[in-house]
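The lines below spell out each chain.
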Amino acid sequence: MTPELVLNNGVAMPALGLGVFQSPPEETAAAVETALKVGYRHVDTAAAYGNERQVGEGIRRAGVDPADVFIETKVWVSDYGYDETLHAFDKAARKIGVDRLDLLILHQPAPDRFDRTVAAYQALEKLLADGAVRAIGVSNFMRHHLDELRRRTEIVPSVNQIELHPYFSQPDVQKADAELGILTQAWSPIGGITFYPGWGEERRNVLEDPAVGTIAEAHDKTPAQVLLRWQLQHGRSAIPKSTNPGRIAENFDVFGFELTAGEMARIDGLDLGVRNGPDPEASREIFDLVIPED
Ligand code: A2P
């Protein structure tokens, strides 16, 4: 039994999940199978990752009842709009091979088409009311996106999944989430993501930060484990990505130690305020990516 967080609608979600952003489809089923065998019971994918089908395959290969796995996926921007998002649910559920999803979230605020974003969220509200999904939420929303969504829709998102690691911890968004009763979920929780070849080559890797290294040594843990522990002790959900069996297991072995208040504060103090990932305010060509039916 992995530690769980209770969402604002009472649904329990394992705090730590396997992330599969940039997991090649041909490696994803094996990664999911490994993770479930290690003990993970939460997988986070997205229509835009192109590996929802392989997530379902990995669950079946592991021999775990899909109902015992918390399955989270995301609607891509090209499927925003009310009817389009209802259909996006059908596509995702069919690919993963389940009737119901645990958590369905909007992948981006897409400010250039926020009316469609709102309509997409209203479709999520309908799916929730119908019992097709157990919880709904958003990703990459900043405070003003959350505020506008709240003005125009009924149900408070359960989760806001944002880029969050010690070098970019978004205290402003975390505060907005907390004020609204939204659980903050960290993507790139160990700061490991490199987006495209050449993207952010000059960026610093928090896994190599000397302060993190010192804390890791003190606990006989790895830097990645310390960063995940930091996320969990702050009450956040985290979804580290790995396709490497050893690292999948390593990232799950974070429940048997505790960081001191001083260590937590030291890691809190590392924020550089610089993103690794894309700016949610920007519109991008990738928004037009068409999500296939199968
Ligand atoms: P790999 O899949 O080869 O393990 P994040 O989820 O924070 O963005 O991190 C993902 C990146 O970090 C991936 O490149 C992943 O590579 C790597 N990674 C995952 N777990 C660990 C770990 N325990 N130690 C070092 N690197 C890791």
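First things first, this report covers the structure right here in the doc. Note that the coordinates shown come from a computational prediction; the quantities given were computed from them, not determined experimentally.

Calculation rules
Residues numbered from 1 in each chain as written. Predicted model: local features only at pLDDT ≥ 70, side-chain atom pairs only at ≥ 80, totals over all residues. Heavy atoms only, no water. Pairing = 2+ DSSP bridges. Helix = DSSP H or I, 4+ residues; strand = E, 2+ residues; numbered from the N terminus. Contact = heavy atoms within 4.5 Å. Axes fitted to C-alpha atoms, helices over the stretch in contact; angles between N-to-C directions. Buried < 20%, exposed > 50% of the residue type's maximum accessible area, 1.4 Å probe, protein only. Arc of directions from axis to C-beta. Right-handed = clockwise from strand over helix to strand, strands pointing away. Salt bridge = Lys/Arg side-chain N within 4 Å of Asp/Glu carboxyl O.

Topic: the sheet that holds strand E7 (residues 133–139)
- Pairing in this open sheet of eight strands is parallel, and the strands run E3-E4-E5-E6-E7-E8-E9-E10 from one edge to the other. Since the sheet does not close on itself, it has two edges, and those belong to strand E3 (18–19) and strand E10 (237–238), each with one partner.
- As paired strands, strand E6 (residues 101–106) and E7 are joined by five bridges and run parallel to one another. Among the inter-strand pairings, leucine 103 is bridged to a residue of E7, identified as alanine 135.
- Set on the sheet, helix H4 (residues 114–130) makes contact with strand E5 (70–75), E6 and E7; between it and E7 the angle comes to about 160°.

Concerning helix H8 (residues 223–233)
- Among the 11 residues in H8, nine count as buried, and that is most of the element.
- All buried positions along H8 are accounted for by Ala224, Gln225, Val226, Leu227, Leu228, Arg229, Trp230, Gln231 and Leu232.
- Tucked into the core, H8 has its buried residues touching strand E9 (183–187), helix H7 (210–219), E10, helix H9 (245–252) and helix H10 (261–268).
- Looking at the residues trailing H8, positive phi occurs at glycine 235, about 80°.

Some words on helix H6 (residues 171–180)
- Taken residue by residue, H6 has Val173, Ala176 and Asp177 as its buried positions. Buried residues of H6, viewed axially, fall in a sector of 100°; they line one side. Along H6, the residues that are exposed and aim more than 90 degrees away from the buried face are Pro171, Lys175 and Ala178.
- In the core, the buried residues of H6 are packed alongside helix H5 (143–152), strand E8 (159–163) and E9.
- Downstream of H6 by a residue or two, glycine 181 has a phi angle that is positive, lying close to 80°.

Looking at the pairing of E8
- Of all the five residues making up E8, five are buried; the element is thus mostly covered by neighbouring parts of the structure.
- Pairing of E7 with E8 involves three bridges; the strand directions are parallel. Residue pairing across strands places serine 139 opposite glutamine 161, the latter belonging to E8.
- As for the winding sense of the linkage, the β-α-β connection from E7 through H5 to E8 is right-handed.
- Bridging between E8 and E9 involves five bridges; their strand directions are parallel. In the strand pairing of E9, asparagine 160 is matched with threonine 184.
- For the crossover from E8 across H6 to E9, the handedness is right-handed.

A word on the side chain of serine 23
- Examined against the element boundaries, serine 23 turns out to sit in the loop between E3 and helix H1 (25–38).
- Beyond its immediate chain neighbours, meaning those up to four positions away, serine 23 contacts Thr28, Asn51, Lys241 and Thr243.

A look at the pattern of salt bridges
- Going through the model one piece at a time under the given rule, you end up with 16 salt bridges.
- One salt bridge in this structure joins glutamate 84 and arginine 116, with 3.1 Å as the shortest N-O distance. Of the two residues, glutamate 84 sits in helix H3 (residues 82–96) while arginine 116 sits in helix H4, which places them 32 residues apart along the sequence.
- Two residues, arginine 143 and glutamate 179, come together in a salt bridge whose shortest N-O distance is 3.1 Å. Of this pair, arginine 143 sits in helix H5 while glutamate 179 sits in helix H6; the two residues are 36 residues apart in sequence, bridging distant segments of the chain.
- Residue arginine 143 is classed as partly exposed on the basis of its relative accessible area of 32%.
- One connected set of salt bridges, linked through shared partners, spans Glu33, Lys37, Glu57 and Arg61.

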